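Letter by letter, the chains look like this.
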There are 2 protein chains.
Amino acid sequence: MYLPKHFDQQDLDSLTSLLKAYPLGTLVTQHEGAIEANHIPFLLDGNLAAGGKLIGHVAKGNPVWKNVAPAQESLVIFQGPEAYITPNWYPSKQVHHQVVPTYNYAVVHVYGTLSVIHDEATKHLIVTDLTRSMEKTRKSTWQVSDAPADFIEKMLNAIVGIELSITRVQAKWKVSQNRDLADRNGIAQALSEQLSSERDQRMSAIVRSGKGIGED
Amino acid sequence: MYLPKHFDQQDLDSLTSLLKAYPLGTLVTQHEGAIEANHIPFLLDGNLAAGGKLIGHVAKGNPVWKNVAPAQESLVIFQGPEAYITPNWYPSKQVHHQVVPTYNYAVVHVYGTLSVIHDEATKHLIVTDLTRSMEKTRKSTWQVSDAPADFIEKMLNAIVGIELSITRVQAKWKVSQNRDLADRNGIAQALSEQLSSERDQRMSAIVRSGKGIGED
């Protein structure tokens, strides 16, 4: 990823909170020279850095787990809030008109090597942990043990666990850090007031803080 | 992408509206055996099918335009609304408890070959068209001609245009089409009423219709 220094996000808490709020990762792999992408909810195990792990599962029918070479790096992309930024929001526009539009976004790229998990006890642990994490976000209360044990066994038999051992992480917060404070305030103000979508509200908070993912 | 038949979205209007609402594409390329991804707003020229084109631009400093082999297929991913689906929302849960959580999402994968545009007049056209399209969404009014011509010339010199000639398109609407009507209604109801985020509202509308992207 093209990553100019002013957009390079190193704050681990910001990266981790993006993953929690946007857990649907895009797993990108290579197979016989072609690029493949699958969309999979992931759970972070350990730190979002080399040595940590992303845990998930896929349908047994999904060829991705058969096709990946163990030594090859795969990429998981997590995409946060995004917003088009019109120059009309820059106070500096009124002064010199030397402004152009841009597009803001926050993303985390996690590189690592994939391995596959067939062991039923470990798969059970994966779906239990994933469910707990997701239900917490939903303030809901379903748990794996609410379903009949023989049904869960059948379900587990239809999936394989996957684990990405993280080798490196890149994160880009392209959130107007290259504009002066007045322009940043103009953007944040417009995103939070003139328009009302949730994505805009979040980007507004990110533009103000330069980190986080706008959830606070 | 793993694409079971019931999740295969063929409705061209649905695909096109996803691109318009979520224009920030993830351009995935291969370079010297490694996967690279860059996030770029794209404009569709023609149909979202083989023969159509995705148009955008990148900073001249971004190596992506130098690294891509013309004959190699690249992938652009557009990601729409997403939502965790708790089994608590399925009426069928009360009957047999044979239910597990899932994760819903709508995505479009556009494969094609990249070419690079250096011609200044064409680059001017690209930024003009992209700006017009984005400003329309924002109900805003800035246009490229609002900036001083010599400033725009300087800006154009700092970018290169890119064009993806589409070879194939895959779209996955994983929106509970494999559940019965009662369960689908339960999900749509919960997403639209119990919770209030914009992403949830959109997914609610998609679950009800099985197509579109929840904007109507």
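Our structure's up above, just so we're on the same page.
On a predicted model such as this, the values are computed, not experimentally measured, just so you know. (Residues numbered from 1 in each chain as written. Chains lettered and ligands numbered in written order. Predicted model: local features only at pLDDT ≥ 70, side-chain atom pairs only at ≥ 80, totals over all residues.)

Visitor: I tried to follow helix 6 (residues 181-193) of chain B on my own but got confused; where do I start?
Guide: Turn by turn, an α-helix covers 3.6 residues, leaving residues three or four places apart pointing in a common direction. Residues and elements named next belong to chain B. For helix 6, built from 13 residues, the straight-helix expectation of 18 Å at 1.5 Å per residue is met to within 8% by its first-to-last C-alpha distance of 18 Å. Asp-183, Gly-186, Ile-187, Ala-188, Ala-190 and Leu-191 are the residues of helix 6 that are buried. Each element contacted by the buried residues of helix 6 is listed here: strand 5 (73-85), helix 3 (91-96) and helix 7 (198-209). (Helix = DSSP H or I, 4+ residues; strand = E, 2+ residues; numbered from the N terminus. Expected span 1.5 Å × (residues − 1). Buried ≥ 20, exposed ≤ 12 C-beta atoms within 10 Å, placed from the backbone. Contact = placed C-beta atoms within 7 Å.)

Visitor: Explanation requested: the nonpolar core in the structure shown.
Guide: Within soluble globular proteins, side chains that are nonpolar tend to cluster in buried spots. Membership of the largest hydrophobic core comes to 109 residues, with the highest contact counts inside it found for A:Val28, A:Val76, A:Val108, B:Val28 and B:Val76. For B:Val76, the residues in contact, after removing those within four places along its chain, are B:Gly25, B:Thr26, B:Leu27, B:Phe42, B:Leu54, B:Val110 and B:Leu164. (Core = buried A, V, L, I, M, F, W, Y, C linked by C-beta atoms within 7 Å.)

Visitor: Explain the environment of A:Gly161 to me, please; I cannot follow it from the model alone.
Guide: All names here are of chain A. Turning to its location among the elements, Gly-161 is positioned in strand 7 (residues 159-174). Its 22 C-beta neighbours within 10 Å are what place Gly-161 among the buried residues. Separated by 104 residues in the primary sequence, Gly-161 and His-57 have C-alpha atoms spaced 4.2 Å apart. Look past the residues within four positions of Gly-161 in its chain and what remains in contact with it is His-57, Ile-117, Thr-122, Lys-123 and Ile-126.

Visitor: When you look at the sheet that holds strand 7 of chain A in this model, what are you seeing that I'm missing?
Guide: The strands that make up a sheet pair up through hydrogen bonds in the backbone, lying either parallel or antiparallel. Residue and element names in this part refer to chain A. Strand order in the open sheet made by the seven strands is 2-1-5-6-7-4-3, with antiparallel pairing throughout. Each end of this open sheet is capped by a strand with a single partner; those strands are strand 2 (34-41) and strand 3 (43-45). Direction aside, the axes of adjacent strands within the sheet are offset by 35° on average. For strand 3 and strand 4 (residues 53-59), the ladder comprises three bridges, and the chain directions are antiparallel. Within the sheet, the bridge partner assigned to Leu-44 lies in strand 4 and is Leu-54. Here helix 7 (residues 198-209) sits on the sheet in contact with strand 5 (73-85), strand 6 (102-117) and strand 7, set at roughly 95° to strand 5. (Pairing = 2+ DSSP bridges. Axes fitted to C-alpha atoms, helices over the stretch in contact; angles between N-to-C directions.)

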